[in-house]
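Observations on chain architecture
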Amino acid sequence: LVILMHLLDRKLYAEENVMQVTATIAVAYLTYYVAEVVAGTSGIIATLALGWFTKSFASVNDTKLMDNFWVLVENILNTLLFTLGGAVWGTIIANTDNNDRGGHFIGSDWGYLFLLFVLLNVIRFTLFFLFYPITRRLGLKTNIPETIFISFAGLRGAVG
């Protein structure tokens, strides 16, 4: 990939920028396939090593284009993952084949769901406030209002 990026390193041609983005996709998938199927090793580790090596040694014409493209891909795939995960869990919970409810939630299901939501938030608040003495001194140095906001907001990603 480093050699391919070097060959496509002509800053005067906008098409080369698109080809560099396309090359990162193609070579990443090729690396994963060769590592998993051909070599019988971990494709994920091989792809991570490719990414680190490329970041260290390859030159990119338009870093903003490359960054924006990968942020877009990450957002789309994250949204797709959570949408499919929700659909699968909805099917598992409703499971019309193995219950007498016909796929409908009853009152106790909603109660358990609300209890789960409350308990998860209590756990999140507890963890953030247990680590508050550390986060108060490290990095951006949070304060109490920020810690409350972070605890309530959570890490929602592309879905939230």
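Along each chain, the written sequence defines residue order, and numbers are assigned to residues from 1. pLDDT decides what is reported in this predicted model: residues at 70 or higher carry local features, side-chain atom pairs at 80 or more are listed and counted, and totals for whole chains, interfaces and linings draw on all residues regardless. Based on all heavy atoms of the structure, the side-chain values leave hydrogens and waters out of the count.

Observations regarding the overall build of the protein
Only runs of H or I of at least four residues qualify as helices and only runs of E of at least two qualify as strands under DSSP, and these elements are numbered from the N terminus. Summing up its helical and strand segments, the protein has 7 helices and 0 strands in all. Per-residue accessibility, obtained with a 1.4 Å probe over protein chains only, is compared with the maximum for each type, and a residue is labelled buried under 20%, exposed over 50%, and partly exposed between these values. Burial status across the protein gives 14% buried among its 160 residues. Counting contacts in the protein only where the partners sit at least 6 residues apart, residues at least 24 apart contribute 49% of the total. Residue-level accessible areas treat just the shown protein chains as cover; the underlying method is Shrake-Rupley with a 1.4 Å probe. Of the roughly 12400 Å² of accessible surface on the protein, a fraction of 72% belongs to carbon and sulfur atoms. Residues count as neighbours in contact if any of their non-hydrogen atoms are within 4.5 Å of one another.

Examining the environment of Arg136
Note that Arg136 resides in the loop between helix 6 (132-135) and helix 7 (144-153). Distance from Arg136 to Thr147, taken between C-alpha atoms, is 9.3 Å for residues 11 residues apart in sequence.

Description of the packing of aromatic side chains
The description of an aromatic ring pair uses the distance of the two centres, along with the angle that the planes make with each other. Here a pair means two rings of Phe, Tyr or Trp (six-membered ring of Trp) with centres within 6.5 Å. Their orientation is stacked below 30 degrees between planes, edge-to-face above 60, and tilted elsewhere. Scanning the model with the defined rule gives 3 aromatic pairs in all. With a centroid separation of 5.2 Å and an interplanar angle of 75 degrees, the aromatic rings of Phe69 and Trp70 are classed as edge-to-face. The class of Trp70 is partly exposed, set by a relative accessible area of 35%.

Observations concerning a nonpolar patch on the surface
Candidate patch residues must exceed 30% relative accessible area and have no salt bridge, after which like charges are joined if within 9 Å and Val, Leu, Ile, Met, Phe, Trp or Tyr side chains if within 5 Å. A carboxyl oxygen of Asp or Glu within 4 Å of a side-chain nitrogen of Lys or Arg is what we treat as a salt bridge. The grouping of Trp110, Leu113, Leu116, Leu120, Ile123, Leu127, Leu130, Phe131, Ile134 and Leu138 at the surface amounts to a nonpolar patch, some 1000 Å² of accessible area in total. Ranked by residues supplied to the nonpolar patch, first place goes to helix 5 (residues 107-130) with 7 residues. Here Leu130 is to be found in helix 5. On the accessibility criterion, Leu130 (58% relative accessible area) is exposed.

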